[in-house]
Amino acid sequence: MKPSILIIYTGGTIGMVKHPKSGTLIPFDFEHINDQVPELERFDFNIDSISFNSVIDSSDFKPSTWIDLVKIIQDNYSKYDGFVILHGTDTMAYTASALSFLLENINKPVILTGSQLPIAEIRTDAKENLITAIEIAASKSNGKPIVPEVCIFFDSRLFRGNRTRKSNSSKFDAFESPNYSHLAEAGVKITYHHTYIQPHSDATFISHTNLDLNVALLKLYPGITKEFVTSVINTNGLKALIIEAFGNGNAPTDDWFIDLLKQAIQSGIIILDISQCAGGMVELGRYQTSIRLKEIGVTGGMDMTTETALTKLMFLLAQNHSAETIKALLQQSLRGEISELMIDDR
């Protein structure tokens, strides 16, 4: 049977064309996608497309939009072999991370892609990204999808969604996965790195549609004030705080700073320490400047990206686990978001 692919257009640069009169960029009707990308007709696939009623710039994406995507995939899961989500680049890594947790035991490819130039531009990267994303979503081996997980494809490389971050706003190679190998590379042919791809799951596919947004993100910087940290911790309803710390998870050793975090933890707030660095991992206790964080109960985020730490906490908090269970799950790889070697070396 022909592979069947559903393209979901949410918005973003990839779906823009110039208005014939004004010259401004407007979204085109994806029901006529073959007019813009006639190469798709050469695939021996069944390709359908749907579009959000009101397309969204990715900067306007909200957790409720992630849930909308989950519902679309859930409603169409049995009808298609794979899904391609066209998305603006700015928050694509957040969406990919969120979907990786919300789509549990997914056994079909969900490939997010976009572009830096509109699809109708002469030098656009949109066509290549779209065509290859579709081919990856349709690819099988022994009757099974080659990549049964949530991914981002961009500029010839396929990344695990919850390992990816946007690293450049003007180059075609806009994404990177600093702590995990890319899953495939598209050259003359598509080369898959099977060692790094999630194995197929025999468990039943489960879609989750709840997230808890009572999470805050605090980026440390030299000169950060007690008043500022206090205002963040005192946010009404706060359940979890992510600290973007220095280096391996280091932070100021001022008594006021440690005391504020300690009081927050004692009040039931979960504090997760991740690194501001693009690569590497958090190792609480390796340096003097993180020993006290470990002693008061701060949880180390190992090599999670900011996007993954945020969406994973939103997901776990919505499951109504105890704080201790959430802390334990934060240090477990649920969807391949943490390096197994690092878990073994804790």
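Student: Can you help me understand the pairing of strand β19 (residues 270-275) in this one?
Tutor: For a regular strand, side chains alternate in direction, first toward one face of the sheet and then toward the other. The buried fraction of β19 is high, at six of six residues. Neither face of β19 is open: one carries Ile-270, Leu-272 and Ile-274, the other Ile-271, Asp-273 and Ser-275, and all of them are buried. Taking the sense of rotation as the criterion, the β-α-β connection linking strand β18 (residues 240-245), helix α6 (residues 255-266) and β19 turns out right-handed. Bridge count between β19 and strand β20 (residues 299-300): two bridges; the pairing is parallel. The residue of β20 that forms the bridge with Asp-273 is Gly-300. Following the chain from β19 across helix α7 (residues 288-296) to the adjacent parallel β20, one finds a crossover that is right-handed.

Student: Looking at this model, I keep getting lost on the pattern of salt bridges. Mind explaining?
Tutor: Side chains bearing opposite charge may pair, as long as their charged atoms lie close to each other. Taken as a whole, this structure holds 12 salt bridges when the rule is applied. Of the charged contacts in the structure, one is a salt bridge between Glu-104 and Arg-335, with a shortest N-O distance of 3.9 Å. Of the two residues, Glu-104 sits in strand β6 (residues 103-104) while Arg-335 sits in the loop between α9 (323-330) and α10 (340-344), which places them 231 residues apart along the sequence. Between Lys-327 and Glu-324 there is a salt bridge, and its shortest N-O distance comes to 3.5 Å. Taken together, the residues span about one helical turn, with Lys-327 and Glu-324 both in helix α9 at a distance of three residues. Among the residues examined, Glu-324 registers a relative accessible area of 55% and is labelled exposed.

Student: For this particular structure, what's the right way to read the sheet that holds strand β11 (residues 157-160)?
Tutor: Pairing between the strands of a sheet comes from backbone hydrogen bonds, and it takes one of two forms, parallel or antiparallel. In spatial order, the strands read β4-β1-β5-β7-β10-β11-β14-β15; together these eight strands make up an open sheet with mixed pairing. The open sheet is flanked by β4 (46-51) and β15 (190-192), the only strands paired with a single partner. The sheet shows a mean angle of 20° between the axes of neighbouring strands, taken without regard to direction. Here three bridges tie strand β14 (residues 184-186) to β15, and the two strands are oriented antiparallel to one another. Across the sheet, residue Ala-186 finds its bridge partner in β15, namely Ile-190. Helix-sheet contacts for helix α2 (residues 63-76) involve β1 (4-9), β4, β5 (82-86) and β7 (110-113), and the interaxial angle to β1 is about 160°. Relative to the sheet, helix α4 (residues 126-138) contacts β1, β4, β5, β7, β10 (150-154), β11, β14 and β15, its axis offset from that of β5 by approximately 160°.

Each value, and the rule that gives it
- Residues numbered from 1 in each chain as written.
- Predicted model: local features only at pLDDT ≥ 70, side-chain atom pairs only at ≥ 80, totals over all residues.
- Heavy atoms only, no water.
- Buried < 20%, exposed > 50% of the residue type's maximum accessible area, 1.4 Å probe, protein only.
- Helix = DSSP H or I, 4+ residues; strand = E, 2+ residues; numbered from the N terminus.
- Right-handed = clockwise from strand over helix to strand, strands pointing away.
- Pairing = 2+ DSSP bridges.
- Salt bridge = Lys/Arg side-chain N within 4 Å of Asp/Glu carboxyl O.
- Axes fitted to C-alpha atoms, helices over the stretch in contact; angles between N-to-C directions.
- Contact = heavy atoms within 4.5 Å.

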